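Analysis of the macromolecular model
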Amino acid sequence: TSSANITSLASNVQTISAGLGGMQQAVVGNLQSISLSTAVQISGLSISIAANAVYQVYGGILHNVSAISATGYRLGIAQSGFTIQNTAGSWSFLSAGPSGGAAQALVRQAWASSTALGTQAFMSIASAGTASLNYGTFEGIIVTSTTGGTLVLQGLATVTTTSLYIFKGSWIRAHKIG
C-alpha cells in the first residue's frame, strides 16, 4: 500500500540522516570590536568538533575597519584542542565599496594541510577604508583525528590604534558528514 511505502521511505530517510550527523550554527548577536595585533576569538563564533569525524564548514563575516590608512586585518579559522587528519578549503573576500558603491575587490585564498589549520587558514587584507562594508566567506572540509575540540573564528587588526569591527549577523556552520 502507499501508506507502507511512505513509512518505508521515511525510515530510509531517517537512517540516512542519522549517519550524516547534525548541523551546528553560531551567529554574532552584537557589534564587536577587535583592537589587538594578535589573533583573538570572535565572540560567539565557535563550533564543537568531534574526534574521528568529517565536517563541512562554512561561514560569513560582515566587517570593516575604523580608519582609512595602510591598516590591515586578518580573519581566520583556528582549531582549539582538536587534532586534524586532513583539511582543505578557501576564503573569499568582497569589498562593497564606499557607501555601498561598486565592488572594489574580490580575493580568494585556499588552505590545505594534513596536520593543522595553522596560519594557512587565515586571510590577510589591506583595509579598503572606513566607508566599506566587507564580506568574507570561507568553506572547507575538516577531517579530525583522535581528539575533539572547538573550531573558532579569529580576527586581528595589524595596527592596534585601529579597530576591526565584526557586525551582527556574521555566522559559522558545520555539518558532520562522516
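No experiment lies behind these values; they were computed from the predicted model shown.

1. What about the overall build of the protein?
Helix and strand counts for the protein stand at one helix and twelve strands. Beginning at the N terminus, the succession of helices and strands in the protein can be written as α-β-β-β-β-β-β-β-β-β-β-β-β. Out of the 178 residues belonging to the protein, those deemed buried represent 37%. Residue pairs in contact within the protein that sit at least 24 positions apart in sequence constitute 83% of those at least 6 positions apart. Of the accessible surface of the protein, which amounts to about 8600 Å², a share of 56% is contributed by carbon and sulfur atoms.

2. Concerning the packing of aromatic side chains
Applying the stated criterion across every chain, the model contains three aromatic pairs. Between tyrosine 58 and tryptophan 171, the aromatic rings sit 5.8 Å apart at their centres with planes inclined by 85°, giving edge-to-face as the arrangement. With tyrosine 58 in strand β4 (residues 54–65) and tryptophan 171 in strand β12 (residues 171–176), the pair connects residues that are 113 residues apart, well separated along the chain. Both rings, one in tryptophan 91 and one in phenylalanine 93, keep their centres 5.5 Å apart while their planes meet at 20°; by these two values the pair is stacked. The two residues tryptophan 91 and phenylalanine 93 agree in class, both being buried.

3. Considering the nonpolar core
Formed by 31 residues in total, the largest nonpolar core has its most connected members in Leu75, Ile77, Trp91 and Leu151. For this core, the secondary-structure elements that each account for two or more residues are β3 (40–49), β4, β5 (72–80), β6 (84–98), β9 (132–144), β10 (149–157), β11 (164–166) and β12. Leave out the neighbours within four places in its chain, and leucine 151 touches Leu45, Ser46, Ile47, Ile49, Val57, Ile77, Ala78, Phe82, Leu117, Ile142 and Ile172.

4. Some thoughts on the environment of serine 124
Residue position: serine 124 is located in strand β8 (residues 122–126). With 49 residues separating them in the primary sequence, serine 124 and leucine 75 have C-alpha atoms 6.7 Å apart. Leave out the neighbours within four places in its chain, and serine 124 touches Tyr73 and Arg74.

5. Section: the environment of valine 57
Mapped onto the elements of the fold, valine 57 is located in strand β4. In this structure valine 57 touches Phe138, Glu139, Gly140, Ile142, Leu151, Arg173 and Ala174, once residues within four positions along its chain are discounted.

6. Describing the side chain of histidine 63
Position of histidine 63 relative to the elements: it lies in strand β4. By relative accessible area, which is 0% here, histidine 63 ends up buried. At a separation of 3.0 Å, a polar atom in the side chain of histidine 63 contacts the main-chain carbonyl oxygen of isoleucine 61.

7. Topic: the confidence of the model for the protein
Chain-level statistics for the protein give a pLDDT mean of 79 and a share of 73% at 70 or above. Residue range residues 13–19 is modelled with pLDDT below 50. Its contacts to residues more than four positions away, or to other chains, number zero contacts.

Cut-off values and rules
- Residues numbered from 1 in each chain as written.
- Predicted model: local features only at pLDDT ≥ 70, side-chain atom pairs only at ≥ 80, totals over all residues.
- Heavy atoms only, no water.
- Helix = DSSP H or I, 4+ residues; strand = E, 2+ residues; numbered from the N terminus.
- Buried < 20%, exposed > 50% of the residue type's maximum accessible area, 1.4 Å probe, protein only.
- Contact = heavy atoms within 4.5 Å.
- Areas by Shrake-Rupley, 256 points an atom, 1.4 Å probe, with all protein chains shown as cover.
- Phe/Tyr/Trp six-rings, centres within 6.5 Å; stacked < 30°, edge-to-face > 60°.
- Core = buried A, V, L, I, M, F, W, Y, C linked by side-chain atoms within 4.5 Å.
- Polar contact = N/O pair within 3.5 Å; in protein donor to acceptor, adjacent residues only side chain to side chain.
- pLDDT = per-residue confidence, 0-100.

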